Amino acid sequence: MNIYEDPLLVPHGLADEALTAALEGREQALSPNSVLVGLALQEHDRVFVERWCNRIAHESADLWLVATASLCLGHLARRFGHLEPESVMLVRQLAERTDLDGRVFSALDDVTFFLEELPSRRKSEQGN
């Protein structure tokens, strides 16, 4: 059963420490998954969060954390209506992996809806 949690937003310095420790396989007081989700849902600096999601997706051996990074990219697409092209491509690549859980499909749905389908509908509704 999935339980919804609303993780706290942590400052950049604390997030850097927790996420770097996770990449290095070191124990830390904060859950890197919670830190990343908190950033994706609440941080106003999209670029900071997007860079961490990309770094984790490329460097982490923790498959749960990689899927979380993908999900968080979807959250950013929904919140900001924008991701860098590299991030969009990364979400698509992660959705093709068979070793990651279904959160990668949620991320792909968000990217497709908020970055491709929704903007296209807005343009057609405006007569462009």
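Criteria and cut-off values
- Residues numbered from 1 in each chain as written.
- Predicted model: local features only at pLDDT ≥ 70, side-chain atom pairs only at ≥ 80, totals over all residues.
- Heavy atoms only, no water.
- Phe/Tyr/Trp six-rings, centres within 6.5 Å; stacked < 30°, edge-to-face > 60°.
- Lys NZ or Arg CZ within 6 Å of the ring centre and 35° of its normal.
- Helix = DSSP H or I, 4+ residues; strand = E, 2+ residues; numbered from the N terminus.
- Buried < 20%, exposed > 50% of the residue type's maximum accessible area, 1.4 Å probe, protein only.
- Salt bridge = Lys/Arg side-chain N within 4 Å of Asp/Glu carboxyl O.
- Axes fitted to C-alpha atoms, helices over the stretch in contact; angles between N-to-C directions.
- Parallel < 35°, antiparallel > 145°, perpendicular 65-115°, else oblique.
- Contact = heavy atoms within 4.5 Å.

Undergrad: Explain the packing of aromatic side chains here, please?
TA: Given two aromatic rings, one states the distance between the centres and the angle between the planes to describe the pair. Under the definition given, this model contains one aromatic pair. Each ring, one from phenylalanine 113 and one from phenylalanine 114, has its centre 4.8 Å from the other, and the planes form 85°; the classification is edge-to-face. The residue whose ring lies beneath arginine 103 is tryptophan 64, and the NZ or CZ to ring-centre distance is 3.8 Å.

Undergrad: Looking at this model, I keep getting lost on the environment of cysteine 53. Mind explaining?
TA: Relative to the helices and strands, cysteine 53 is located in helix H3 (residues 46–59). Using a relative accessible area of 0% as the deciding quantity, one classes cysteine 53 as buried.

Undergrad: Explain the pattern of salt bridges here, please?
TA: When their charged atoms lie close together, side chains carrying opposite charge are able to pair. According to the stated counting rule, one finds seven salt bridges in the structure shown. Measuring nitrogen to oxygen at the nearest pair gives 2.2 Å for the salt bridge that ties glutamate 50 to arginine 46. Placement of both glutamate 50 and arginine 46 in helix H3 is noted, with a separation of four residues, approximately one turn of the helix.

Undergrad: For this particular structure, what's the right way to read the packing of helix H2 (residues 32–42) against helix H4 (residues 63–80)?
TA: For any two helices packed against each other, one specifies the crossing angle of their axes together with the interaxial distance. In contact at an axis separation of 8 Å, H2 and H4 are set at 10° when each is read in the N-to-C sense. Classed by the angle they form, the pair H2 and H4 counts as roughly parallel. Two secondary-structure elements touch here, H2 through Pro32, Asn33, Leu36, Val37, Leu39, Ala40, Leu41 and Gln42 and H4 through Trp64, Leu65, Thr68, Ala69, Cys72, His75, Leu76, Arg78 and Arg79.

What is shown is where atoms sit, not what they do.
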